[in-house]
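Next come the chains, spelled out residue by residue.
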Amino acid sequence: MIFRHPARKREDGRRGRFEQFAELASNFTSSPVFAALCVALVALFVAVHAAGLATEWQILVGDVMTAVTLLLLAMLKNAERRAEHAIQRKLDAIARALHEQQQGERGQAHKDLREAVGIEERL
């Protein structure tokens, strides 16, 4: 198994299922609906403990909160790596374009720079 940067596309240039899922999950977890679900889950956690329900219920609610936390951590890390990759590609394109400009040329680096602008929307 080869581990690669999560923002890298497959050889054919398309995004895989995981990349599509990660983007959808990232969009959902940053939505007001998900924030409301998290508030409801925390309220349920507090209510179960305040009501003094059986230990099984307390463990169940705690396990659900732990699972949600772990999923959020994975989505956050994926989004961070994708943004980092997009920024690095832009910086590399800017550096190459500036170097070309200092040499008195306007070639491939300027084309790459135009392509790199807006890359995070395509990843």
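Calculation notes
- Residues numbered from 1 in each chain as written.
- Predicted model: local features only at pLDDT ≥ 70, side-chain atom pairs only at ≥ 80, totals over all residues.
- Heavy atoms only, no water.
- Helix = DSSP H or I, 4+ residues; strand = E, 2+ residues; numbered from the N terminus.
- Buried < 20%, exposed > 50% of the residue type's maximum accessible area, 1.4 Å probe, protein only.
- Contact = heavy atoms within 4.5 Å.
- Areas by Shrake-Rupley, 256 points an atom, 1.4 Å probe, with all protein chains shown as cover.
- Patch = residues over 30% accessible without salt bridge, like charges linked within 9 Å, V, L, I, M, F, W, Y side chains within 5 Å.
- Salt bridge = Lys/Arg side-chain N within 4 Å of Asp/Glu carboxyl O.
- Axes fitted to C-alpha atoms, helices over the stretch in contact; angles between N-to-C directions.
- Parallel < 35°, antiparallel > 145°, perpendicular 65-115°, else oblique.
- Left-handed = near helix turned anticlockwise from the far one by under 90°.
- Expected span 1.5 Å × (residues − 1).
- Arc of directions from axis to C-beta.

Of regular secondary structure, the protein chain possesses five helices and zero strands. Along its sequence from the N terminus, the protein chain presents helices and strands in the succession α-α-α-α-α. The 123 residues of the protein chain split such that 22% are buried. Long-range contacts, defined as pairs at least 24 residues apart, comprise 53% of the intrachain contacts of the protein chain with a sequence gap of at least 6. Split by element, the accessible area of the protein chain, about 9,200 Å² in all, is 63% carbon and sulfur.

A cluster of nonpolar residues, Leu53, Trp57, Leu60 and Val64, forms a patch on the protein surface that exposes about 370 Å² of accessible area. On the basis of relative accessibility, which here comes to 45%, the residue Leu60 falls in the partly exposed class.

Right, let's get into the packing of helix H2 (residues 32-51) against helix H3 (residues 55-102). Put simply, H2 and H3 touch, their axes get as near as 9 Å, and they point 155° apart. Relative to H3, H2 is oriented roughly antiparallel. Read as a crossing pair, H2 and H3 show a hand that is left-handed. Between H2, through Phe34, Leu41, Val42, Leu44, Phe45, Val48 and His49, and H3, the contact on the second element is made entirely by Trp57, Gln58, Val61, Gly62, Val64, Met65, Val68 and Leu72.

Our next topic: the pattern of salt bridges. Enumeration according to the criterion identifies one salt bridge in this entry. When the shortest N-O distance is used, the salt bridge between Glu80 and Lys77 registers 3.7 Å. With Glu80 and Lys77 both in helix H3, this residue pair falls three residues apart, about one helical turn. For Lys77, a relative accessible area of 43% translates into the label partly exposed.

Attention now moves to the packing of helix H1 (residues 17-29) against H3. Two numbers describe how H1 lies on H3: the axes approach to 10 Å, and their chain directions differ by 110°. Classified by the angle between their axes, H1 and H3 sit roughly perpendicular to one another. Here Phe18, Glu19, Phe21, Ala22, Glu23, Ala25, Ser26 and Thr29 of H1 lie close against H3, whose contacting residues are Leu72, Met75, Asn78, Ala79 and Arg82.

Here we come to H3. Two residues of an α-helix separated by three or four positions point the same way, owing to the 3.6 residues in each turn. Over its 48 residues, H3 extends 70 Å from the first C-alpha to the last, a length consistent with the 70 Å expected when each residue adds 1.5 Å. When H3 is considered as a whole, its buried residues turn out to be Val61, Gly62, Met75, Asn78, Arg82, His85, Ala86, Ala93, Ala97 and Glu100. Backbone geometry just downstream of H3 places Gly104 in the positive-phi region, at approximately 80°.

So, about the environment of Val64. Position of Val64 relative to the elements: it lies in helix H3. On the basis of relative accessible area, Val64 is assigned to the partly exposed category, the value being 36%. The spatial distance from the C-alpha of Val64 to the C-alpha of Leu41 is 8.5 Å, given a sequence separation of 23 residues.

With 13 residues, H1 extends 18 Å between its outermost C-alpha atoms, agreeing within 8% with the 18 Å of an ideal straight helix rising 1.5 Å per residue. For H1, the full list of buried residues reads Glu19, Ala22 and Ala25. Taken end-on, H1 shows its buried residues confined to a sector of 130°, consistent with a single buried face. Exposed positions of H1 whose direction lies more than 90 degrees from the buried face are Arg17 and Leu24.

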